[in-house]
Amino acid sequence: MRFLLDPEQRDFARSLDALLTAAGTPAVIRDWSRGEHGRGRALWSRLAEAGVFALAIPEEYEGLGLRPVELAVAFVELGRHAVPGPLVETVAAASLLAGTGHAKRFLPGLAAGESTATLAREGSLALDGDAATHRFSLSPDGLRLAPGHGPVRGSLDPARRLTPLLPGGELLGPAAPHALALARLTTAAQALGVGLALLDRTVTYVGRRTQFGVPVGSFQAVRHRLADAKIALEFARPLVLGAALTMAPADVAAAKVTACEAAYTTARTALHLHGAIGYTDEYDLSLWLTKARALRTAWGTPGECRDDVLGAARPGGLPSGPTQGT
Amino acid sequence: MDLGFTRDEQALRAEARAWLAAHVPATPLPSLETGEGFAAHRAWEAELAAGRWSVVDWPERYGGRDAGLIGRLLVEEEYYAAGAPGRVGQNGVSLLAPTLFAHGTEEQRARVLPPMATGEVVWAQAWSEPEAGSDLASLRSRAVRADGGWLLSGQKTWSSRAAFADRAFGLFRSDPDTPRPHQGLTYVMFGLRAPGVTVRPIGRLDGRPAFAELFLDEVFVPDEDVIGEPGQGWRIAMATAADERGLTLRSPGRFLASAERLRALWQDRGRPDWAREKVADALIGARAYQLFTFAAASRYLTGVPLGPESSLNKVFWSEYDLALHETALDLLDGEAEMADTDWAERYVFALAGPIYAGTNEIQRDIVAERLLGLPKGRR
């Protein structure tokens, strides 16, 4: 037992962090929110070069083999920088396609970042259905290539552009629970990253902002809220990495609900401690604040995840897609 | 990165499980915080020690198995899953023993550890004083130089287990003229039945004497019962405090077992919807705590000492434990207020968690200053 990231895994995280810091994601996110995808696609290609999507794709299709721990490490960084786009959906779709006869048709392109994919439960909204190269829908009878998408609906997170998928389409293979677990895991990791970024930004802010002649971060009421956010995030982290190692459904569900609750609690703290400036859309904090809320219900609501932990999943099979129904 | 266990670790776990199945008392022992229960728990410690299960991570020469930290965590999982009794020797094993391993002499280890392992000598802690609680460094009990040792005088309080224990360890001011209160403190061990010691048991909320006040009037302590250099007590005690809050005081095995008991209670009561979230969170919290501990242990085993990260731990487990027991009482419905349920004493015990071992407010201050780097401020 050595429950610590290996040096290569830590290096991978650091290199993604450096790449994303240099890319300056806030401007990319704001473009993406307006439906301008150029800079986002360029960033996507660089993430593909760094090997992010290959981590969900078998070696025979130009991937690196399914590596959930490295995926979790990568998605923490993607969340930390609030990278827009159907990241979770591309990874989950790739994992689903690997078990079908259509792997060769889709996977090399997804691994290389030349194409992107969205994925939604039939009847649910799909993330970035307008921007994705391929749109897949999941229904009880299996995975289908959706024939198109409907109009974009705004999310509370402006960078998440949701569309319905048109019904029907080519049947590609069976629905595999493992891929949904991967969607949950990567959403959990992304949420953890969002929470860590919110905490970092807020710690910096309260250290600089002065009132009554001292930094507001010296007030115990402020310090203790941030300490609680830190505790919540640091106990979510081992659940995310542990779930990546075991991929047991209960572990993945526990990681999802805990990381998303921790990120959301941190978002509430971040908003409050920034005061009115944090409530504005022009201040970059909003890019993380709104994502923390959106991820909370994506790929498994808190209630669904807790039910899976209790071993008492609600009848009906598949967890919901990125949003709850339409 | 992995969560696998070696063949030896798995064999140890299996051996522990078999031994516990054959030895754990069929009916629970009387409360640890009564004279009768204390004696019964002491006898249980002797039985555990005879099977070499009381301190598995210690070296063999002191009564252990050299099983390492991971071995200890696995044995504890089995221990609590088997419903085995609470550990009356906890204070000594979790707090004093790590201090002796780090700062004691070989003579002290050879003399103190074996009877600690068997429960022959049970230890109480003597940190707090009436005017020194969260601000522990302001303590005023004195150690005055005497021929061949020291004379202890003053008052200690909230001394867990002291009502029935044999010996105690704590900090005393050996130099009254230092620039800072953290200096001039000395870490000593002393007998609770030594001349000059008066023990006044204090009833906790349920009336049981779980702790005591200690009045010391020129109690002689020989030099061999001082741990480390005189005047260095604060540094030595704080190293122990990180252990207490971090890895050793609350085993993940204990919470994994408690969470499963809560799940069983919930199922037994017809799985009420109002408790679904709380029961799920108890199961999730136990898993989070287990994995957090595995990560901390892995880091510790690479040679990184436990630091302020242990403050995250202490807030988490103490609040977790209380929430779990509050849910359990709510599930008991009309029986919730009864003092004789399986849950009542555990609930009363959990109520103290956010207060002892450094209050949770002190821990949050440590997290804020030392982990987040926030500016120092007024408490």
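Residues numbered from 1 in each chain as written. Chains lettered and ligands numbered in written order. Predicted model: local features only at pLDDT ≥ 70, side-chain atom pairs only at ≥ 80, totals over all residues.

Trainee: Tell me about the nonpolar core, residues and numbers included.
Mentor: A:Phe53, A:Ala72, A:Leu192, A:Val240, A:Ala259, A:Ala263 and B:Val188 are the most contacted members of the largest nonpolar core, which has 221 residues in total. With 17 residues, helix α7 (residues 177-208) of chain A is the largest single contributor of residues to this core. (Core = buried A, V, L, I, M, F, W, Y, C linked by C-beta atoms within 7 Å. Buried ≥ 20, exposed ≤ 12 C-beta atoms within 10 Å, placed from the backbone. Helix = DSSP H or I, 4+ residues; strand = E, 2+ residues; numbered from the N terminus.)

Trainee: Give me the interface of chain A and chain B: which residues, what numbers.
Mentor: Taken together, the contact between chain A and chain B spans 35 residues of the former and 36 residues of the latter. Elements that contribute at least two residues to the side of chain A that touches chain B include exactly α7, α8 (220-246), α9 (249-274) and α11 (302-309) of chain A. Looking at the side of chain A that touches chain B, the element that brings in the most residues is α8(A), giving 14 residues. Grouping the amino acids of the side of chain A that touches chain B by side-chain chemistry returns 20 nonpolar, nine polar and six charged. (Contact = placed C-beta atoms within 7 Å. Nonpolar A, V, L, I, M, F, W, Y, C, P; charged D, E, K, R; others polar.)

Trainee: A description of unusual backbone geometry should follow, citing residues and the corresponding values.
Mentor: Residues and elements named next belong to chain B. Despite not being glycine, Glu 218 shows a phi value in the positive range, around 50°. Note on placement: Glu 218 falls in strand β7 (residues 211-222). The class of Glu 218 is partly exposed, set by 13 C-beta atoms lying within 10 Å. Positive phi values are uncommon outside glycine, yet Ala 357 reaches one of about 55°.

Trainee: Please set out the UniProt feature "domain: Acyl-CoA oxidase/dehydrogenase middle" (unreviewed entry) in chain B residue by residue, giving values where relevant.
Mentor: Per the UniProt record, the feature "domain: Acyl-CoA oxidase/dehydrogenase middle" (unreviewed entry) sits at residues 124-218 of chain B. The span residues 124-218 of chain B carries 0% helix and 51% strand; its end-to-end C-alpha distance comes to 19 Å. (UniProt positions renumbered as here; feature names shortened; annotations may be inferred.)

Trainee: How would you explain the UniProt feature "domain: Acyl-CoA dehydrogenase/oxidase N-terminal" (unreviewed entry) in chain A if you had to name every residue and give the values?
Mentor: As recorded in UniProt, the sites labelled "domain: Acyl-CoA dehydrogenase/oxidase N-terminal" (unreviewed entry) are residues 7-114 of chain A. The annotated region residues 7-114 of chain A carries 67% helix and 0% strand content, and the separation between its end C-alpha atoms amounts to 30 Å.

Trainee: Please provide a residue-by-residue account of the UniProt feature "domain: Acyl-CoA dehydrogenase/oxidase C-terminal" (unreviewed entry) in chain A, values included.
Mentor: Annotation from UniProt places "domain: Acyl-CoA dehydrogenase/oxidase C-terminal" (unreviewed entry) at residues 178-301 of chain A. The distance from the first to the last C-alpha atom of residues 178-301 of chain A is 18 Å, and the span holds 78% helix and 3% strand.

Trainee: So what's going on with the domain arrangement of chain B? Which residues, and what values?
Mentor: Residues and elements named next belong to chain B. Under the domain assignment used here, chain B contains domain 1 (7-88), domain 2 (123-231) and domain 3 (250-371). In this structure, domain 2 and domain 3 have C-alpha centres spaced 30 Å apart. Contact residues are listed per partner, giving four residues for domain 2 and six residues for domain 3. In the side of domain 2 that touches domain 3, the residues fall into one nonpolar, one polar and two charged. (Domains from an automatic or database assignment.)

Trainee: I'd like a rundown of the domain arrangement of chain A, residues and numbers included.
Mentor: Residue and element names in this part refer to chain A. When its domains are assigned, chain A resolves into domain 1 (7-175) and domain 2 (178-309). Its C-alpha centre places domain 1 at a distance of 22 Å from the equivalent point of domain 2. The interface of domain 1 with domain 2 comprises 25 residues on the first partner and 29 residues on the second. Mapped onto the side of domain 1 that touches domain 2, the elements with two or more residues apiece are α2 (25-33), α4 (68-80) and α5 (87-97). With ten residues, α4 is the largest single contributor of residues to the side of domain 1 that touches domain 2.

Trainee: Give me the lowdown on the sheet that holds strand β3 (residues 134-139) of chain A, citing residues and values where you can.
Mentor: Backbone-to-backbone hydrogen bonds pair the strands of a sheet. The strands run either parallel or antiparallel. Residues and elements named next belong to chain A. Here we have four strands laid out as an open sheet, ordered β1-β3-β4-β6, and mixed in their pairing. Each edge of the open sheet carries a strand with a single partner, namely β1 (117-121) and β6 (170-173). Each adjacent strand pair in this sheet contributes to an overall mean axis angle of 30°, direction not counted. Pairing of strand β4 (residues 142-145) with β6 involves three bridges; the strand directions are antiparallel. Residue Leu 145 lies in a different strand from β6, and its bridge partner there is Glu 170. Across the sheet, α5 is in contact with β1, β3, β4 and β6; its angle to β1 comes to roughly 80°. (Pairing = 2+ DSSP bridges. Axes fitted to C-alpha atoms, helices over the stretch in contact; angles between N-to-C directions.)

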